[in-house]
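Chain and residue survey
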Amino acid sequence: MSFFKRLKDKLIGNPTEEEKVVEIIEEEAAEQKQDEATEPTQIEAIVDENEKAEEVSVTEATSETEIPVASEDQEQQEQQEQQEEVQEVAIVEEPVKEKKPSAWSITQKFKSGLEKTRNSFTSKVNDLVARYRKVDEDFFEELEDLLLQADVGFETVMELMDKLRFEVQRKNIKDTSGIQTIISEKLVEIYEQGEEDLIELNLQPKGELTVILFVGVNGVGKTTTIGKLAHRLKSQGKTVVLAAGDTFRAGAIDQLQVWGDRVGCEVIKQSEGSDPAAVMYDAIRAAKNRNADVLICDTAGRLQNKVNLMNELEKVHRVISREVPNAPHEVLLALDATTGQNALVQAQTFKEATNVTGIVLTKLDGTAKGGIVLAIRNKLHIPVKFVGLGEKMDDLQPFDAERYVYGLFADGLDKELQNSED
């Protein structure tokens, strides 16, 4: 399947038969509301006639019995209040439907989240394409510099340039029209490397406890990411318990407790300075007793002494695997995208300390160097499983290579996609 085809499927989505039925029902309901909106004129005419008849009868009755009647202004006010009450009841009784995020809304999150990178990087690519009408060696050299500035990584850039040169020669491409499509497709190929389901968490079957261990230095948004992931899993119907294993950083336990209260998850903790391995032991026991589906474990993020870090993580890992066979099932490394190449250095260090199974790249919306995603994947062969695209609870999104590349080249790809359809 071509990149454009896959991209279009993800942008628009392929509605299931059930979704199509829902759309038809919603359209019919909208038409019915519109029809009802045109009917009140007839109803109002009937009501007016009835009101006039009532007024006549009331007038006759008052002339005979001399009973005092409310003024016309009071009657109109009462009628207006009754109508408002009916409208309020109708509004309250109308069911509120929760809609799952559409394919388009998810894609838009990537587009808006990568705005800073796109503004600095893609605008330069657009200028480059506009200046060079022909694809020649000078064009490739300038494109190479732009990719390096976006922190795509030296090895990734070299591999991409080789693929681009080969593709241009194979298809005998002479001008730069449509070159962004080829760049996008090759970047996705480099990231995926023929592998599938890179973003899926290794969740255990129902009835078994899944243990997710979070690692990462202080200040990268690790605790916030844990809270957002817990919210995501809870929205999927899973029972989640949090373990406050970062017992060394001042305020780390309280911060996790705040997120636990906000999301509605129990937090297993001890006092500051406690042994993190002991916290993990208590947390596993508590999660088992409560028949929890997922236990997410926070850890300290000190890199000042790599030996201590390794020893601590090894001890935590040993305790977890002793209590839950084959656990932890995921070791997720939280990295701050705004640190660029420094994030790559952190990833290398933690990969040596523990078996990192996936990356969570935070603050991707706050950096102009979003290309670090490709550098991490190509250099360390660790998949990026989630990316942080904003401050909201649902802004932690599973990473998607095609949506990510679209976010980088959205403006140019939109034009090329439109031209291809025309």
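Refer to the preceding data block for the structure.
The rules we used
Here the residue numbers are simple positions, counted from 1 along each chain's written sequence. For a predicted model such as this one, the threshold for reporting local features is a pLDDT of at least 70, and the threshold for listing and counting side-chain atom pairs is 80 or more; totals across whole chains, interfaces and linings nevertheless cover every residue. Remark: hydrogens and water are excluded; side-chain values derive from all non-hydrogen atoms of the structure. Strands are runs of DSSP state E lasting at least two residues, helices are runs of H or I lasting at least four, and both sets are numbered from the N terminus onward. An axis is simply a line fitted to the C-alpha atoms; with a helix, the fit covers only the stretch in contact. Between two such axes, the angle follows the N-to-C directions and lies from 0 to 180 degrees. Convention used here: angles under 35 degrees read as roughly parallel, angles over 145 as roughly antiparallel, angles from 65 to 115 as roughly perpendicular, and any remaining angle as oblique. Between two residues, a contact is recorded if the distance between any of their heavy atoms is within 4.5 Å. Throughout, the ten residues Ala, Val, Leu, Ile, Met, Phe, Trp, Tyr, Cys and Pro are labelled nonpolar, Asp, Glu, Lys and Arg are labelled charged, and all others, Gly among them, are labelled polar. Here the term buried applies to any residue with accessible area under 20% of the maximum for its type, exposed to any over 50%, and partly exposed to those in between, with areas from a 1.4 Å probe on protein chains only. Pairs of strands are assigned from DSSP output, requiring at least two bridges between the strands.

1. Here we look at the environment of Asn342
With respect to the helices, strands and loops of the structure, Asn342 is situated in helix 14 (residues 341-353). Sequence spacing of Asn342 and Ile372 is 30 residues, and the spatial spacing of their C-alpha atoms is 9.8 Å.

2. Remarks on unusual backbone geometry
The omega torsion across Ala327 and Pro328 is 0°, close enough to zero to call that bond cis. Mapped onto the secondary structure, Pro328 falls in the loop between helix 13 (306-323) and strand 5 (330-336). For His381, which is not glycine, the phi torsion reads 55° and is therefore positive. Mapping His381 onto the fold places it in the loop between helix 15 (372-380) and strand 7 (384-388).

3. Quick word on the packing of helix 6 (residues 115-131) against helix 7 (residues 137-149)
Relative orientation of the contacting elements helix 6 and helix 7 amounts to 175°, with a least axis distance of 10 Å. By the angle between their axes, helix 6 is roughly antiparallel relative to helix 7. Contacts between helix 6 and helix 7 involve Phe121, Lys124, Val125, Leu128, Val129 and Arg131 from the first element and Phe139, Glu142, Leu143, Leu146, Leu147 and Gln149 from the second. Here the residues of the contact of helix 6 with helix 7 sort into eight nonpolar, one polar and three charged.

4. Section: the pairing of strand 1 (residues 210-215)
Burial analysis of strand 1 places six of its six residues in the buried class, which makes it a mostly covered element. Residue alternation in strand 1 divides its side chains into two sets, Thr210, Ile212 and Phe214 and Val211, Leu213 and Val215, and both sets are buried. By the bridge criterion, four bridges tie strand 1 to strand 5 in an arrangement that is parallel. Bridged to Phe214 within strand 5 is Leu332.

Interpretation note: all reported values are geometric properties and have no functional meaning in isolation.
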